[in-house]
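Here's the letter readout for the chains.
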Amino acid sequence: MKTLEIPRPTELNLVERVLAGDHAAFYDLIRPYERMVFRTAVSVLNNEADAEEVAQEAVLKAFKNLASFRREAKFSTWLVQITLNEARMRLRKYRAGLYESLDAGQESDDGDYIPKDYADWREIPSEALAKTELRQALAKALQTLAPMYREILVLRDMEQLSTAEAAEALGISEASAKTRLSRARLMMRDALAPGYDGAWSSGEGYKKVRPF
(Lines give C-alpha, C1' and ligand atoms only; values in the text may rest on other atoms or scores of the structure.)
Protein backbone atom coordinates (compact mmCIF):
# COMPACT_ATOMS: atom_id res chain seq x y z
CA MET A 1 0.00 0.00 0.00
CA LYS A 2 1.50 3.27 -1.09
CA THR A 3 1.90 5.93 1.58
CA LEU A 4 -0.03 9.07 0.70
CA GLU A 5 2.44 11.91 0.59
CA ILE A 6 1.75 15.59 1.13
CA PRO A 7 2.35 17.69 -2.02
CA ARG A 8 5.82 19.25 -1.84
CA PRO A 9 4.75 22.94 -1.61
CA THR A 10 2.19 22.10 1.08
CA GLU A 11 4.73 20.02 2.99
CA LEU A 12 7.28 22.83 3.04
CA ASN A 13 4.59 25.30 4.06
CA LEU A 14 3.67 23.07 7.01
CA VAL A 15 7.32 22.83 8.01
CA GLU A 16 7.63 26.62 7.98
CA ARG A 17 4.44 27.00 10.00
CA VAL A 18 5.70 24.61 12.67
CA LEU A 19 9.06 26.38 12.87
CA ALA A 20 7.23 29.70 13.16
CA GLY A 21 5.44 28.44 16.28
CA ASP A 22 2.29 26.84 14.87
CA HIS A 23 2.85 23.50 16.62
CA ALA A 24 -0.61 22.22 15.67
CA ALA A 25 0.54 22.16 12.03
CA PHE A 26 2.95 19.35 12.94
CA TYR A 27 0.03 16.94 13.25
CA ASP A 28 -0.99 17.70 9.67
CA LEU A 29 2.63 17.22 8.58
CA ILE A 30 3.09 13.88 10.32
CA ARG A 31 -0.35 12.29 9.90
CA PRO A 32 0.14 10.78 6.39
CA TYR A 33 3.34 9.03 7.53
CA GLU A 34 2.26 7.56 10.88
CA ARG A 35 1.72 4.05 9.52
CA MET A 36 4.96 4.19 7.55
CA VAL A 37 6.87 5.14 10.70
CA PHE A 38 5.34 2.23 12.62
CA ARG A 39 6.02 -0.34 9.90
CA THR A 40 9.59 0.90 9.53
CA ALA A 41 10.13 0.41 13.26
CA VAL A 42 8.62 -3.08 13.06
CA SER A 43 10.98 -3.95 10.21
CA VAL A 44 13.91 -3.44 12.59
CA LEU A 45 12.51 -4.57 15.93
CA ASN A 46 10.17 -7.34 14.78
CA ASN A 47 7.99 -6.47 17.79
CA GLU A 48 4.86 -4.33 17.55
CA ALA A 49 4.86 -3.14 21.16
CA ASP A 50 8.44 -1.89 20.93
CA ALA A 51 7.73 -0.46 17.48
CA GLU A 52 4.87 1.63 18.84
CA GLU A 53 7.16 3.18 21.45
CA VAL A 54 9.91 3.79 18.91
CA ALA A 55 7.42 5.35 16.49
CA GLN A 56 6.35 7.80 19.18
CA GLU A 57 9.97 8.58 20.01
CA ALA A 58 10.81 9.11 16.35
CA VAL A 59 7.90 11.51 15.85
CA LEU A 60 8.88 13.45 18.96
CA LYS A 61 12.49 13.61 17.80
CA ALA A 62 11.37 14.83 14.38
CA PHE A 63 9.40 17.61 16.05
CA LYS A 64 12.31 18.66 18.26
CA ASN A 65 14.79 18.60 15.39
CA LEU A 66 12.62 19.97 12.60
CA ALA A 67 14.91 22.99 12.21
CA SER A 68 17.64 20.62 10.99
CA PHE A 69 15.44 19.23 8.19
CA ARG A 70 17.01 20.05 4.82
CA ARG A 71 14.38 21.51 2.53
CA GLU A 72 15.83 19.80 -0.56
CA ALA A 73 15.15 16.39 1.00
CA LYS A 74 11.76 14.70 1.28
CA PHE A 75 10.25 14.90 4.73
CA SER A 76 9.15 11.25 4.54
CA THR A 77 12.72 10.08 3.83
CA TRP A 78 14.09 12.20 6.68
CA LEU A 79 11.44 10.78 9.00
CA VAL A 80 12.28 7.20 7.99
CA GLN A 81 15.96 7.86 8.75
CA ILE A 82 15.07 9.07 12.25
CA THR A 83 12.85 6.04 12.80
CA LEU A 84 15.53 3.60 11.66
CA ASN A 85 18.09 5.21 13.96
CA GLU A 86 15.74 5.12 16.95
CA ALA A 87 14.79 1.49 16.29
CA ARG A 88 18.40 0.43 15.92
CA MET A 89 19.39 2.17 19.14
CA ARG A 90 16.54 0.37 20.94
CA LEU A 91 17.70 -2.95 19.53
CA ARG A 92 21.30 -2.32 20.60
CA LYS A 93 20.13 -1.44 24.08
CA TYR A 94 18.20 -4.71 24.39
CA ARG A 95 20.93 -6.86 22.91
CA ALA A 96 24.04 -5.12 24.22
CA GLY A 97 27.04 -7.40 23.76
CA LEU A 98 25.02 -9.89 21.73
CA TYR A 99 23.64 -7.88 18.85
CA GLU A 100 25.69 -7.45 15.73
CA SER A 101 25.54 -3.78 14.71
CA LEU A 102 23.21 -2.86 11.88
CA ASP A 103 25.27 0.17 10.88
CA ALA A 104 25.47 0.35 7.11
CA GLY A 105 29.24 0.29 7.23
CA GLN A 106 29.21 -3.12 8.93
CA GLU A 107 26.51 -4.78 6.90
CA SER A 108 27.72 -7.04 4.15
CA ASP A 109 26.18 -7.61 0.78
CA ASP A 110 28.78 -10.21 -0.10
CA GLY A 111 27.69 -13.64 -1.17
CA ASP A 112 24.58 -14.79 -2.98
CA TYR A 113 21.23 -16.00 -1.75
CA ILE A 114 20.29 -19.20 -3.51
CA PRO A 115 16.51 -19.43 -3.92
CA LYS A 116 14.66 -22.71 -3.75
CA ASP A 117 13.57 -22.12 -7.34
CA TYR A 118 13.70 -19.30 -9.84
CA ALA A 119 10.04 -18.39 -10.13
CA ASP A 120 9.38 -14.67 -10.36
CA TRP A 121 8.50 -12.50 -7.38
CA ARG A 122 6.17 -9.66 -8.25
CA GLU A 123 5.47 -6.52 -6.26
CA ILE A 124 2.51 -6.90 -3.93
CA PRO A 125 -0.62 -5.14 -5.23
CA SER A 126 -2.79 -3.25 -2.73
CA GLU A 127 -5.81 -5.49 -3.35
CA ALA A 128 -3.78 -8.50 -2.21
CA LEU A 129 -2.75 -6.75 1.00
CA ALA A 130 -6.43 -6.14 1.72
CA LYS A 131 -6.92 -9.89 2.27
CA THR A 132 -6.56 -10.68 5.96
CA GLU A 133 -5.11 -14.16 5.56
CA LEU A 134 -2.53 -12.98 3.06
CA ARG A 135 -1.52 -10.10 5.32
CA GLN A 136 -1.00 -12.54 8.17
CA ALA A 137 1.07 -14.86 5.97
CA LEU A 138 3.19 -11.95 4.77
CA ALA A 139 3.76 -10.74 8.33
CA LYS A 140 4.85 -14.21 9.40
CA ALA A 141 7.21 -14.59 6.45
CA LEU A 142 8.60 -11.10 7.01
CA GLN A 143 9.63 -12.08 10.54
CA THR A 144 11.97 -14.73 9.13
CA LEU A 145 14.09 -12.14 7.31
CA ALA A 146 17.18 -10.52 8.80
CA PRO A 147 16.65 -6.82 9.64
CA MET A 148 18.69 -5.54 6.70
CA TYR A 149 16.36 -7.40 4.33
CA ARG A 150 13.12 -6.60 6.20
CA GLU A 151 13.99 -2.90 6.11
CA ILE A 152 14.51 -2.66 2.36
CA LEU A 153 11.48 -4.83 1.59
CA VAL A 154 9.18 -2.73 3.79
CA LEU A 155 10.44 0.58 2.43
CA ARG A 156 10.52 -0.44 -1.23
CA ASP A 157 7.64 -2.88 -1.72
CA MET A 158 5.22 -1.96 1.06
CA GLU A 159 5.79 1.76 1.51
CA GLN A 160 6.75 2.01 -2.17
CA LEU A 161 9.62 4.41 -1.74
CA SER A 162 11.81 4.60 -4.82
CA THR A 163 15.08 2.69 -4.75
CA ALA A 164 16.95 5.98 -4.40
CA GLU A 165 14.75 7.09 -1.49
CA ALA A 166 15.09 3.76 0.29
CA ALA A 167 18.86 3.81 -0.20
CA GLU A 168 19.06 7.35 1.19
CA ALA A 169 16.96 6.44 4.22
CA LEU A 170 19.09 3.37 4.94
CA GLY A 171 22.37 5.18 4.31
CA ILE A 172 23.51 2.76 1.62
CA SER A 173 24.22 2.99 -2.11
CA GLU A 174 21.50 2.37 -4.69
CA ALA A 175 23.46 -0.66 -5.88
CA SER A 176 23.41 -2.16 -2.38
CA ALA A 177 19.71 -1.34 -2.05
CA LYS A 178 18.97 -3.18 -5.30
CA THR A 179 21.01 -6.19 -4.23
CA ARG A 180 19.33 -6.40 -0.83
CA LEU A 181 15.88 -5.96 -2.34
CA SER A 182 16.46 -8.74 -4.85
CA ARG A 183 17.59 -11.12 -2.12
CA ALA A 184 14.82 -10.03 0.23
CA ARG A 185 12.18 -10.78 -2.39
CA LEU A 186 13.64 -14.23 -3.02
CA MET A 187 13.83 -14.97 0.72
CA MET A 188 10.30 -13.72 1.24
CA ARG A 189 8.94 -15.85 -1.56
CA ASP A 190 10.69 -18.95 -0.25
CA ALA A 191 9.46 -18.21 3.28
CA LEU A 192 5.87 -17.98 2.08
CA ALA A 193 5.78 -21.34 0.37
CA PRO A 194 8.03 -23.74 -1.52
CA GLY A 195 7.74 -23.12 -5.23
CA TYR A 196 5.74 -19.93 -4.73
CA ASP A 197 5.26 -18.30 -8.13
CA GLY A 198 4.29 -14.76 -7.18
CA ALA A 199 0.81 -15.12 -8.62
CA TRP A 200 -0.78 -12.60 -6.25
CA SER A 201 -3.79 -11.73 -8.37
CA SER A 202 -4.44 -15.10 -10.00
CA GLY A 203 -5.62 -16.72 -6.79
CA GLU A 204 -3.08 -19.54 -7.04
CA GLY A 205 -0.45 -17.73 -4.99
CA TYR A 206 -3.06 -16.79 -2.40
CA LYS A 207 -4.11 -20.42 -2.03
CA LYS A 208 -0.51 -21.42 -1.42
CA VAL A 209 -0.17 -19.15 1.58
CA ARG A 210 -3.39 -20.30 3.26
CA PRO A 211 -1.66 -22.95 5.45
CA PHE A 212 -0.11 -20.15 7.50
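Residues numbered from 1 in each chain as written. Predicted model: local features only at pLDDT ≥ 70, side-chain atom pairs only at ≥ 80, totals over all residues. Heavy atoms only, no water.

As a packed pair, helix α3 (residues 34-45) and helix α8 (residues 147-158) sit with axes 7 Å apart at the nearest point and diverge in direction by 160°. Classified by the angle their axes make, α3 and α8 are roughly antiparallel. As for how α3 packs across α8, the hand of that crossing is right-handed. Contacts between α3 and α8 involve Arg39, Thr40, Val42, Ser43, Val44 and Leu45 from the first element and Pro147, Arg150, Glu151, Val154, Leu155 and Met158 from the second. (Axes fitted to C-alpha atoms, helices over the stretch in contact; angles between N-to-C directions. Helix = DSSP H or I, 4+ residues; strand = E, 2+ residues; numbered from the N terminus. Parallel < 35°, antiparallel > 145°, perpendicular 65-115°, else oblique. Left-handed = near helix turned anticlockwise from the far one by under 90°. Contact = heavy atoms within 4.5 Å.)

What follows covers the packing of aromatic side chains. If you walk through the whole model with that rule in mind, you get five aromatic pairs. Taken together, a centroid distance of 5.1 Å and an interplanar angle of 65° make the contact between Phe26 and Phe63 edge-to-face. In this pair, Phe26 sits in helix α2 (residues 25-30) while Phe63 sits in helix α4 (residues 48-64), placing the two residues 37 residues apart along the sequence. A relative accessible area of 30% places Phe63 in the partly exposed class. Pairing Tyr33 with Phe75 gives two aromatic rings, centres 6.0 Å apart and planes at 45°, and the pair type is tilted. Placement of Tyr33 in the loop between α2 and α3 and of Phe75 in helix α5 (residues 75-94) is noted, with a sequence separation of 42 residues between them. Through pairs of rings, three or more aromatic residues link up here, namely Tyr33, Phe69, Phe75 and Trp78. (Phe/Tyr/Trp six-rings, centres within 6.5 Å; stacked < 30°, edge-to-face > 60°. Buried < 20%, exposed > 50% of the residue type's maximum accessible area, 1.4 Å probe, protein only.)

A word on the pattern of salt bridges. On inspection of all chains with the given rule, the structure shows 14 salt bridges. Asp22 is the partner of Arg17 in a salt bridge, and the nearest nitrogen-oxygen pair spans 3.0 Å. The residue Glu86 makes a salt bridge to Lys61 at a minimum N-O spacing of 2.8 Å. With Glu86 in helix α5 and Lys61 in helix α4, the pair connects residues that are 25 residues apart, well separated along the chain. (Salt bridge = Lys/Arg side-chain N within 4 Å of Asp/Glu carboxyl O.)

Below, the discussion takes up the confidence of the model for the protein. When the pLDDT values of the protein are averaged, the result is 77; 70% of them are 70 or greater. Averaged pLDDT values over the elements of the protein bottom out at 37 in helix α11 (residues 204-209) and peak at 93 in helix α9 (residues 163-170). Low confidence marks residues 114-123, where pLDDT is under 50. Its contacts with residues over four positions away, or in another chain, come to 30 contacts. Contacts of residues 194-212 to residues separated by more than four positions or lying in other chains number 40 contacts, the stretch itself having pLDDT below 50. (pLDDT = per-residue confidence, 0-100.)

Before going further, it helps to examine unusual backbone geometry. We note that Asn46 has phi near 60°; this positive angle belongs to a residue other than glycine. Following the sequence through the fold, Asn46 ends up in the loop between α3 and α4. Relative accessible area serves as the criterion here: at 33%, Asn46 is assigned to the partly exposed category. One non-glycine residue, Gln160, lies in positive phi territory at about 60°. Residue position: Gln160 is located in the loop between α8 and α9.

Looking now at helix α1 (residues 8-19). Spanning twelve residues, α1 covers 17 Å between terminal C-alpha atoms, matching the ideal 16 Å at 1.5 Å per step. Turning to α1, its buried residues number three or more, namely Glu11, Leu14, Val15 and Val18. Viewed end-on, α1 has its buried residues packed into an arc of 100°, placing them on one side of the element. Where α1 is buried, its residues contact α2, α4 and α5. (Expected span 1.5 Å × (residues − 1). Arc of directions from axis to C-beta.)

With that settled, the discussion passes to α9. Counting buried positions along α9 yields six of eight residues, so the element is predominantly enclosed. Considered for burial, the residues of α9 that qualify are Thr163, Glu165, Ala166, Ala167, Ala169 and Leu170. Immediately beyond the C-terminal end of α9, within one or two residues, lies Gly171, with a positive phi of roughly 75°.

One can find Ala25 in helix α2. The class of Ala25 is buried, set by a relative accessible area of 0%. Separated by twelve residues in the primary sequence, Ala25 and Asn13 place their C-alpha atoms 9.5 Å from one another. For Ala25, the contacting residues outside a window of four places in its chain are Leu14, Arg17 and Val18.

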